[in-house]
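Residue-level listing of the chains:
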Amino acid sequence: MPIADLTARILTEWLEAIEHPVSRNTYRKRIVAVWRWCRKQGLLPRVATTEAEMTERAREDQSEIGILTVPAWRRALELIRSNYPENLATLVLAGFAGLRRAELHAQRWRDIHLERGFLRVTKAKRNTPSKRLVQLCPAAVQWLMLCDKTEKQIAPPWSIDRIRKVCREADPVIECPE
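Numbers given for residues are sequential positions, taken from 1 along each chain in its written order. Only residues with pLDDT of at least 70 get local features here, since the model is predicted, and only at 80 or more are side-chain atom pairs given and counted; chain-wide, interface and lining totals rely on the full set of residues. Only hydrogens and water are set aside; all other atoms, that is, all heavy atoms of the structure, feed into the side-chain values.

Further remarks concern the nonpolar core. Among buried residues, those of type Ala, Val, Leu, Ile, Met, Phe, Trp, Tyr and Cys that are joined through side-chain atoms within 4.5 Å constitute a nonpolar core. Exposure categories follow from relative accessible area, calculated using a 1.4 Å probe and restricted to protein chains: below 20% of the type maximum is buried, above 50% is exposed, and the middle band is partly exposed. Residues L93, L99, I112, L119, L136, L144 and I154 are the most contacted members of the largest nonpolar core, which totals 31 residues. Think of it this way: any DSSP run of H or I at least four residues long counts as a helix, any run of E at least two long counts as a strand, and we number them from the N terminus. Of all the secondary structure elements, the ones that give two or more residues to this core are α3 (70-83), α4 (88-96), β2 (118-121), α6 (138-145) and α7 (159-170).

Right under this line is the structure:
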C-alpha cells in the first residue's frame, strides 16, 4: 500500500493486531520515525502532524523483570536452535553475555573471539562504555560454535522481537518464569 494511502485508522488496526504492548509500541515508534524522516526530507509538509503520530501508544503494565529457570532457558535455546538457527547467536549473547538490543544488532562475528572466550562490543547504548570486552562463559562459547558465521552481523534485524514471539507462543513458561 502506498504510504500516502495509510491513515491513522489503518495503522491503528495493524498495530492492534500486535498482542504484546511493548512490541506494539516498538513498531509504532519505528513507524513514527519513518514519517518524521519523510517530513525532514521534504516528502511531507513540515508543520503537519503525521498519520503515524496520530496513533495511540499502548498502555504498558508495570511488569517485574523475571529470571528464567535453567530448564526454561534450555528450552528457549533448543527451540531457537532447531527452528530459527539464524537467531541462536542473538539469544546466546543476550542471555549469557547480557548484551542489549542495540549492541546485539550491531555486533559482528569478527568481534567475537571464541577461542579466547570474549567478544568486543563496539556499539553500545548511550551512557554505556561503547568499546568494552565481555567475557564469554564456556557454555556461551559452545552454543556459539553451533551458529552459522557466514554473515557479517550476528543478529538479523528484529531478531530479539522474533525470539520473544516464538518463545512466548511455544512455551509461556519461557517468557514468564515461575
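Once the structure has been displayed, the description carries forward.
The subject of this paragraph is the side chain of R24. Summarising the element assignment, R24 is placed in helix α2 (residues 21-40). Among buried charged residues, R24 stands out as having no salt bridge; its nearest opposite-charge side chain is E16, 4.8 Å away. Any pair of residues with heavy atoms lying within 4.5 Å of one another is described as a contacting pair. Setting aside residues up to four positions removed in sequence, R24 forms contacts with T12, L15, E16, I18, E56, R57 and A58. His is not counted here, nor are the chain ends, while Lys and Arg score as positive and Asp and Glu score as negative. Put simply, a salt bridge is a Lys or Arg side-chain nitrogen that is within 4 Å of an Asp or Glu carboxyl oxygen.

What follows concerns the sheet that holds β2. Here we have three strands laid out as an open sheet, ordered β1-β2-β3, and antiparallel in their pairing. Either end of the sheet is taken by a strand with one partner, and the two such strands are β1 (112-113) and β3 (132-135). Here β2 runs beside β3; their pairing, made up of four bridges, is antiparallel. Across the sheet, R120 pairs through a bridge with L133, a residue of β3. The criterion for strand pairing is that DSSP finds at least two bridges linking the strands in question.

By convention, a stacked pair of Phe, Tyr or Trp rings (six-membered ring in the case of Trp) has centres within 6.5 Å and planes under 30 degrees apart, an edge-to-face pair has planes over 60 apart, and any other such pair is tilted. For the structure shown, the criterion picks out two aromatic pairs. Judged by centre distance (5.8 Å) and plane angle (85 degrees), the rings of W14 and Y27 are edge-to-face. Taken together, the residues span a long stretch of sequence, with W14 in helix α1 (residues 8-16) and Y27 in helix α2 at a distance of 13 residues. Arranged with centres 5.3 Å apart and planes meeting at 75 degrees, the rings of W73 and F96 form a pair that is edge-to-face. Residue W73 is located in helix α3, and its partner F96 is located in helix α4; the two are separated by 23 residues in the primary sequence. Judged by relative accessible area, which is 18%, W73 ranks as buried. Both a distance and an angle decide whether a charge sits over a ring: NZ of Lys or CZ of Arg must be within 6 Å of the ring centre and within 35 degrees of the ring normal. Here the basic side chain of R30 rests over the ring of Y27, its NZ or CZ set 5.7 Å away from the ring centre. Against the face of W109 rests K149, its NZ or CZ located 5.5 Å from the ring centre.

Turning our attention to the environment of L119. Secondary-structure assignment places L119 in strand β2. The spatial distance from the C-alpha of L119 to the C-alpha of Q135 is 6.7 Å, given a sequence separation of 16 residues. In contact with L119, other than residues within four places in its own chain, are L93, L99, Q107, D111, I112, R132, L133, V134 and L136.

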